[in-house]
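# Inside the fold
Below are the chains, spelled out letter by letter.
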Protein chains: 2
Amino acid sequence: MAINKLGSQTLLFLNRPHILGTGSVVGQKEGKGPMGKTFDLVLEEDAFGEKTWERAESKMLREAINLSIQKAGKKEDQIDAILSGDLLNQLMSAVFSARNFKVPFLGMYGACSTMTESMIMGSVLADGGYADHVVAAASSHYSTAERQFRLPLEHGNQRPPSSQWTVTGSGSVVIGKGNVTSLCCTHGTIGKIVDPGITDAHQMGAAMAPAALDTISTHLKDTGRSPDYYDLILTGDLGKIGSQILVDLASKQGLSLAGVHNDCGVMIYDDEQDAHSGGSGCGCSASIFAGHIYKEMVEGRLKKVLLISTGALLTTISSQQGDSIPGIAHAVAIEAETM
Amino acid sequence: MAINKLGSQTLLFLNRPHILGTGSVVGQKEGKGPMGKTFDLVLEEDAFGEKTWERAESKMLREAINLSIQKAGKKEDQIDAILSGDLLNQLMSAVFSARNFKVPFLGMYGACSTMTESMIMGSVLADGGYADHVVAAASSHYSTAERQFRLPLEHGNQRPPSSQWTVTGSGSVVIGKGNVTSLCCTHGTIGKIVDPGITDAHQMGAAMAPAALDTISTHLKDTGRSPDYYDLILTGDLGKIGSQILVDLASKQGLSLAGVHNDCGVMIYDDEQDAHSGGSGCGCSASIFAGHIYKEMVEGRLKKVLLISTGALLTTISSQQGDSIPGIAHAVAIEAETM
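Note that residues are indexed from 1 along each chain, following the sequence as it is written. Each chain gets a letter, beginning with A, and each ligand a number, beginning with 1, in the order they are written. It should be noted that, the model being predicted, local features are given only for residues of pLDDT at least 70 and side-chain atom pairs only at 80 or more, the latter also being counted only at that level, while totals for whole chains, interfaces and linings use all residues. As a rule here, side-chain values cover all heavy atoms of the structure and leave hydrogens and water aside.

### Quick word on the overall build of chain A
Working definition: helices are DSSP H or I runs of at least four residues, strands are E runs of at least two. Numbering for both runs from the N terminus. A tally of regular secondary structure across chain A gives 10 helices and 15 strands. Computed over its C-alpha atoms, the radius of gyration of chain A comes to 18 Å, within 12% of the 20 Å expected for a compact globule of 339 residues. Considered along the principal axes of its C-alpha atoms, chain A spans approximately 55 × 50 × 35 Å. Looking at the 339 residues of chain A, the share that counts as buried comes to 68%. As a reference, a globule follows 2.2 Å times the number of residues to the power 0.38, and the radius of gyration itself is taken over C-alpha atoms. Buried means the residue's accessible area, taken with a 1.4 Å probe over protein chains only, is under 20% of the maximum for its type, while exposed means over 50%, and partly exposed covers the values in between.

### Structural notes on the relation of the copies chain A and chain B
The transform that puts chain A on chain B rotates by 180° and translates by 0.0 Å along the axis, for an RMSD of 0.0 Å. Within this description, the copies of the chain are treated as partners about a two-fold rotation axis. Here, residues are in contact when the closest pair of their heavy atoms is within 4.5 Å. Looking at the interface residues of chain A, 100% of them are also at the interface in chain B, so both copies use one shared face. We superpose the copies by least squares over the C-alpha atoms of residues that have a pLDDT of at least 70 in both of them.

### Concerning helix α5 (residues 142–149) of chain A
All names here are of chain A. When you tally the buried positions in α5, you get seven out of eight residues, the bulk of the element. Of the positions making up α5, those classed as buried are Y142, S143, T144, A145, E146, Q148 and F149. Check the buried side of α5 and you find it contacts α2 (53–71), β7 (133–140), β8 (165–166) and α10 (316–320).

### So, the nonpolar core
We define a nonpolar core as any set of buried Ala, Val, Leu, Ile, Met, Phe, Trp, Tyr and Cys residues linked to one another through side-chain atoms lying within 4.5 Å. Ranked by internal contacts, the top residues of the largest apolar core, which has 158 residues, are A:M119, A:L125, A:I293, B:M119, B:L125 and B:I293. For A:M119, the contacting residues outside a window of four places in its chain are A:I19, A:A136, A:I175, A:F289, A:L307, A:V332 and A:I334.

### Topic: the pattern of salt bridges
It is possible for side chains bearing opposite charge to pair when their charged atoms get close. The term salt bridge refers to a pairing of a side-chain nitrogen on Lys or Arg with a carboxyl oxygen on Asp or Glu at a separation within 4 Å. As enumerated under the stated definition, the model contains 28 salt bridges over all chains in all. Across the pair B:K5 and A:D80 runs a salt bridge, and its minimum N-O distance is 2.6 Å. Placement of B:K5 in strand β1 (residues 5–6) and of A:D80 in the loop between α2 and β5 (81–86) is noted, with the two residues assigned to different chains. By the burial criterion, B:K5 is buried, and A:D80 matches it. The residue A:R99 makes a salt bridge to B:D195 at a minimum N-O spacing of 2.7 Å. Remark: B:D195 occurs in the loop between β10 (183–189) and α6 (204–223) and A:R99 occurs in the loop between α3 (92–98) and β6 (105–109); the pair is interchain, linking two chains. A:R99 gets classed as partly exposed once you look at its relative accessible area, which sits at 30%. Overall, the relative accessible area of 24% leaves B:D195 in the partly exposed class. Residues joined in a network through salt bridges with shared partners are A:R55, A:R99, B:D195 and B:D323.

### Quick notes on α2(A)
A rise of 1.5 Å per residue sets the reference length of α2(A), with its 19 residues, at 27 Å; its end C-alpha atoms lie 27 Å apart and thus fit the reference within 8%. Just past α2(A), the residue A:G73 takes up positive phi, approximately 70°. Given a helix with a known number of residues, its expected span is that number minus one, times 1.5 Å.

### Thoughts on the interface of chain A and chain B
Each partner contributes residues to the interface: chain A has 62 residues there, and chain B has 62 residues. Joining two parts hides part of their accessible area as seen by a 1.4 Å probe, and the buried area is that hidden amount summed over both. Note on chain A versus chain B: buried area summed over both sides is about 5,200 Å², and carbon and sulfur give 60% of it. Taken together, chain A and chain B are joined by eight salt bridges. The salt bridge involving A:R99 is made with B:D323; its shortest N-O contact spans 3.6 Å. The definition of a polar contact used here is a pair of N or O atoms within 3.5 Å, where within protein one atom must be able to donate a hydrogen and the other to accept one, and adjacent residues in sequence count solely through side-chain atom pairs. Counting every contact that joins chain A to chain B gives 34 residue pairs in polar contact (both at pLDDT 80 or more). At the level of elements, β2 (10–12), α2, α3, β6, α4 (114–127), α5, α10 and β15 (327–336) of chain A are the ones that each hand at least two residues to the side of chain A that touches chain B. Polar here means any residue outside two lists: the nonpolar Ala, Val, Leu, Ile, Met, Phe, Trp, Tyr, Cys and Pro, and the charged Asp, Glu, Lys and Arg; Gly therefore counts as polar. A class-by-class count of the residues in the side of chain A that touches chain B yields 33 nonpolar, 15 polar and 14 charged.

### A short note on the side chain of A:S318
By the element assignment, A:S318 lies in helix α10. Relative accessible area serves as the criterion here: at 1%, A:S318 is assigned to the buried category.

### Overview of the environment of B:E57
Residues and elements named next belong to chain B. Within the fold, E57 resides in helix α2 (residues 53–71). Between the C-alpha atoms of E57 and P34, which are 23 residues apart in sequence, the distance is 22 Å. Non-local contacts of E57, meaning those with residues more than four positions away in its chain, are made with D86, L88, S93, S139, S140, H141 and T144. Only 2.8 Å separates the side chain of E57 from the side chain of T144, close enough to count as a polar contact.

### A word on the confidence of the model for chain A
Confidence of the predictor at the level of single residues is captured by pLDDT, which takes values from 0 to 100. Of the residues in chain A, 99% have a pLDDT of 70 or more, and the chain-wide mean is 97. Both scores are available for the predicted complex, with the pTM at 0.98 and the ipTM at 0.98.

### Describing the packing of aromatic side chains
Aromatic rings from Phe, Tyr and Trp, taking only the six-membered ring of Trp, are treated as a pair when their centres fall within 6.5 Å; an angle between ring planes under 30 degrees marks them as stacked, one over 60 as edge-to-face, and anything in between as tilted. Here the structure, examined in full by the defined rule, presents six aromatic pairs over all chains. Between the aromatic rings of A:Y130 and B:F13, the centroid separation amounts to 6.2 Å while the plane-to-plane angle is 55°, which identifies the pairing as tilted. Taken as a pair, A:Y130 in the loop between α4 and β7 and B:F13 in the loop between β2 (10–12) and β3 (18–26) lie in two separate chains rather than in one. Each member of the pair, A:Y130 together with B:F13, is buried. For the ring pair A:Y142 and A:W165, a centre distance of 4.0 Å and an interplane angle of 5° mean the geometry is stacked. Pair noted here: A:Y142 is in helix α5 and A:W165 is in strand β8, with a separation of 23 residues, a long-range link. In this arrangement the basic side chain of B:K59 is found over the ring face of B:F48, its NZ or CZ atom lying 4.4 Å from the centre. Criterion for a charge above a ring: Lys NZ or Arg CZ within 6 Å of the ring centre, and within 35 degrees of the ring normal.

Have a look at this one:
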């Protein structure tokens, strides 16, 4: 048996790779939301001084990576790898941001689950002694995602109440050896694809909730933990509708998540911000974790967090060909080390 | 210092994860090429009985994964993770093939370097004791890539002599504990992005050759090896033009690759097959390694191979916005264990 594997799907990080620093950058709308003050940088305008939305997203990701490296007290040449991804075709934002660093690059894709996929694989590299410090990062941008996945912004098309708003945001985490903070990645649970058969691209919360539940319940079973072990079980971007579905489905399995669960997509916007079911996009859980959650953990208000970024693995082509939306969710346990 | 890291960019797999089995599936054209008899399955028609090219590619990848698991003597529930990717937007082929397996899924993207990225990260999971057996796999399909990246096939547009032909093919490798074969993954060198500033999407070999050289020379420096340590230094899909550029650039650095280097893109088609500079696509190095190279190693004709899949990290949007093509290359050393 693999010595660092627990149960069926959970990786055990016995060397406790530390989170040494984070960086978060968000757009104007996100800056005006309830989490606005917790991000490192709020853009004055979402084009970030660039000629195209795609270049703005790439710059936003680069800035988050730079901030995380600075805050970790490291220099670029001390970073052994950047693990990163985004929603754009061929990971355009991640690629063009990584081009600015003379650092080995590993492209990761799990739709909006990309942040925890990157954190898990980054923790594996650090925990296994394959790297001293790595960057795990992800981004999304409302204006790049809308025109790629849906319609040109200029159409001003109506959005159904179940739709989610792609977060303009990026988040980056430096994982490795050191004691800048007491926060460690202790476990990673790699998710399976779960496809509930939903074909409506405006019901992404419903498409992802069963995958989130599968990963959460597998993680708890693999680790022998109950939900109340954690101070917070935080899903990525199920939104209001998907979160309710998750809690309901969990309850049917005898798993009570109601008191301990929250969702980054629910947290990031106010009801008045017209985001309907909530936020989505790789940058949603990336920026909320790198911003608000990280601060709460560093300041001791949260000690044990299970972060489960959730991904809807659809493409415009798969939707046009009538395929349903496969869901996936990867979980990483972050715990404050008791000194 | 990280104990399993050698030099600046190379990971050391001291527990020598074994390659337990491979699977390769290719299209008609590839079946008629010089490597035709070395693949496990040659399609009778490239739609593979499916209604769309995308579904055909996904099925082709699924079949390669299934073949590799069977040949490794394993069952699906013994596989801890599938690491896989392809060229389609949002990794459509990898996602929809992984949906058929009840196995944790990690989406990988490095354009045509995806196969070695998956093999490196798969080797890390197996070597580090995070998994017993993993699948590393990749695919591409001429007809899905052409219509996504270039023009509809029905246009019958002319191709310049420097262009490459996207391979219709998939390859899969099972990595883990066991002694089905004597082949081990011993080192992985994660590549940096190197962008020589080329903007012509029909010069992909030229765009990728500097990245290939950077990874090869870094690997040799990190390991203290010279090129003749290897029986074969095999790049992914530089094609004829890119291969010549690689050998020339290496020679200028005092590195002689001429006798030991070959390229999967050069090997896969005959001159008569109208593929111009050669083959490309994630499936090129994936199917050549899983087919021909694997057989040569199992039968003892090759003992030490450095496989460097090469990726051109362009997107249609980055090209339209005038950006150049970033190159990347990841290397994995595969060696026959001396008994």
